[in-house]
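Commentary on secondary and tertiary structure
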Amino acid sequence: MTLPSRHRRTGHPGTPSRRALLAGLAGALATGGCTGGTRERRRIRIATGSSTAVYYAIGSALKGLIERELPDVDVTVLVTAASLENVEMIADGRADVGFTQADVVADGGGAVPGTAALARVYDDLLHLVVRADGPVRALADLRGRRVAVGARGSGTLVTAGRLLSVAGMSTDGTLDQRQWGLDDALAALSRSEIDAFFFSGGLPVTGIQRLGAGTPIRLVDLADWAAPLRRAYGQVYTVRDVPASAYGTEAAATVAVPDYLIVPESMPEETAYDLTRLLMERRATLALAHPAAERLDIRSAIATLPVPLHPGAGRYYRSVKP
């Protein structure tokens, strides 16, 4: 994937030529510079996910911060299928900021070309949700069942597909797989039209909370599958606990993967710096929108390999280093 070209600030030693002056002017415009006393407005499109999930909640709160503290910016929140679509939108210029799982943007051991990171924000946990009165109590019990495995373009579809692959269940034809997003899966499970669904998200997922309030549910423990996933696909997979307080269910453990906030590597440095500053210095405000944002931490935020930190983000972290 290639990124659209962007104006960059350029310079020239000594007396600048006409070409250098024009290039410098273009760079000033790209970074929100002033010309004739008028500040060029910047545009930021934030690619999130389902409107009932975590990316959208935090992305919407970030939009509010940008509007309040960066008055020269026009900002839009985009509802998407989530991680995979977000990465594609960053790469082809349809979005400027995107949430994504590490296993999507760092597939194959390297970062998707043209992308850079502002921060590692929190961890996504892979939920396997079933009805409490149903027969599914382990991953193997999905054989022969109707299962929503995530929407096309979502990180859920990637992670769930890898899990089913290492479990030997991806191509044997014994699962009735539905490539549905969270909203469709929630509705279908509540009506017993499917037996289970996967969803990868930070704790707690609002849609799953709402489902549990009206339909007794259970989370299937997936902790034993983290090690096979690491052997097959890389070290991004870990084990995290889902406490009983998250959904009013029995506690469970599952597979987790880091989440990154990514941008085009061509984003102007000042814009990346401003966004990173808002993320870290206003994380309490973001946490009001969703508790997952409480996990934003300067010490872990820089751990985005193999996705490189954007130079603007790196400059912010250096400026606050003790």
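Refer to the structure printed above.
Report on the accompanying structure. This one's a predicted model, so the numbers in the text were calculated from it and none came from an experiment. (Residues numbered from 1 in each chain as written. Predicted model: local features only at pLDDT ≥ 70, side-chain atom pairs only at ≥ 80, totals over all residues. Heavy atoms only, no water.)

**Comments concerning the packing of helix H2 (residues 54–69) against helix H10 (residues 269–281)**
How two helices sit against one another is set out by the angle between their axes and by the gap between those axes. One can describe the packing of H2 onto H10 by two numbers: an axis separation of 11 Å at closest approach and a directional angle of 115°. In this structure, H2 meets H10 at a crossing whose hand is right-handed. Counting all contacts with H2, which are made through Leu65, Ile66 and Glu69, the residues of H10 involved are Leu275, Arg277 and Leu278. Grouping the constituent residues of the contact of H2 with H10 by class yields four nonpolar, no polar and two charged. (Axes fitted to C-alpha atoms, helices over the stretch in contact; angles between N-to-C directions. Helix = DSSP H or I, 4+ residues; strand = E, 2+ residues; numbered from the N terminus. Left-handed = near helix turned anticlockwise from the far one by under 90°. Contact = heavy atoms within 4.5 Å. Nonpolar A, V, L, I, M, F, W, Y, C, P; charged D, E, K, R; others polar.)

**What about the packing of H10 against helix H13 (residues 311–320)?**
It is at 7 Å that the axes of H10 and H13 come closest, and there the two elements cross at 50°. Between H10 and H13, the angle falls in the class oblique. In the packing of H10 onto H13, the handedness of the crossing is right-handed. Along the contact surface, H10 presents Glu269, Glu270, Ala272, Tyr273, Thr276, Arg277, Met280 and Glu281, while H13 presents Pro311, Gly312, Ala313, Arg315, Tyr316, Tyr317 and Ser319. Here the contact of H10 with H13 is composed, by residue class, of seven nonpolar, three polar and five charged. (Parallel < 35°, antiparallel > 145°, perpendicular 65-115°, else oblique.)

**Brief notes about H10**
With 13 residues, H10 should reach 18 Å at 1.5 Å per residue; the first-to-last C-alpha distance of 18 Å fits that figure. Extensive coverage of H10 is indicated by the burial of 10 of its 13 residues. All buried positions along H10 are accounted for by Thr271, Ala272, Tyr273, Asp274, Leu275, Thr276, Arg277, Leu278, Leu279 and Met280. (Expected span 1.5 Å × (residues − 1). Buried < 20%, exposed > 50% of the residue type's maximum accessible area, 1.4 Å probe, protein only.)

**Overview of the environment of Val136**
Following the sequence through the fold, Val136 ends up in the loop between strand S6 (115–131) and strand S7 (146–148). The buried category is assigned to Val136, whose relative accessible area is 1%. In the structure, Val136 is positioned 59 residues away from Asp195 in sequence and 7.7 Å away in space, judged by C-alpha atoms. Apart from residues no more than four positions distant in its own chain, Val136 is found in contact with Val130, Asp141, Leu142, Arg145, Arg218 and Val220.

**A closer look at the packing of aromatic side chains**
Using the criterion set out here, one finds three aromatic pairs in the structure. When the ring of Tyr273 is compared with that of Tyr316, the centres are 5.8 Å apart and the planes differ by 75°; the resulting orientation is edge-to-face. Linking Tyr273 in helix H10 with Tyr316 in helix H13, this pair joins segments that are 43 residues apart in sequence. Residue Tyr273 shares its accessibility class with Tyr316, and that shared class is buried. When the centroid spacing of 5.7 Å and the interplanar angle of 70° are considered together, the rings of Tyr316 and Tyr317 count as edge-to-face. Taking relative accessible area as the criterion, Tyr316 reaches 2% and is therefore assigned buried. What links up through ring pairs into an aromatic cluster is the set Tyr273, Tyr316 and Tyr317. (Phe/Tyr/Trp six-rings, centres within 6.5 Å; stacked < 30°, edge-to-face > 60°.)

**Concerning the environment of Thr156**
Mapped onto the secondary structure, Thr156 falls in helix H5 (residues 155–166). In this structure, the C-alpha to C-alpha distance between Thr156 and Val104, residues 52 residues apart in sequence, is 9.7 Å. Residue contacts for Thr156: discarding those within four places in its chain leaves Gln101, Val149, Gly150, Gly161, Phe198, Phe199 and Ser200.

**Remarks on the nonpolar core**
The nonpolar side chains of soluble globular proteins are, as a tendency, buried together. Judged by nonpolar contacts, the single largest core of 61 residues is most densely connected at Ile66, Phe197 and Ile208. Setting aside chain neighbours within four positions, we find Ile66 in contact with Ile46, Pro71, Val73, Val75, Leu275 and Leu278. The next biggest cluster of nonpolar side chains, apart from the first, holds 38 residues, and it includes Val105, Ala117, Leu142 and Leu222. (Core = buried A, V, L, I, M, F, W, Y, C linked by side-chain atoms within 4.5 Å.)

**Examining the pattern of salt bridges**
Overall, the coordinates contain 18 salt bridges when judged by the stated rule. One salt bridge connects Glu69 with Arg68, and the closest N-O pair in it is separated by 3.4 Å. Looking at Glu69, the relative accessible area reads 22%, which means it is partly exposed. Here Asp133 ties to Arg131 by a salt bridge, and the two come within 3.4 Å at their closest N and O atoms. Among the residues examined, Asp133 registers a relative accessible area of 63% and is labelled exposed. Using a relative accessible area of 18% as the deciding quantity, one classes Arg131 as buried. (Salt bridge = Lys/Arg side-chain N within 4 Å of Asp/Glu carboxyl O.)

**Some remarks on the pairing of strand S3 (residues 42–47)**
Across a regular strand the side chains alternate sides, sitting on one face of the sheet and then on the other. By the criterion of burial, S3 is predominantly enclosed, with five of the six residues buried. Here S3 runs beside strand S4 (residues 73–78); their pairing, made up of six bridges, is parallel. For Arg45, the partnering residue across the bridge sits in S4 and is Thr76. Once the chain exits S3 it traverses H2 before rejoining the sheet at S4, and the crossover so formed is right-handed. Sheet topology note: the S3/strand S5 (residues 97–101) ladder contains two bridges and is parallel. (Pairing = 2+ DSSP bridges. Right-handed = clockwise from strand over helix to strand, strands pointing away.)

These values are about where atoms sit, not about what they do.
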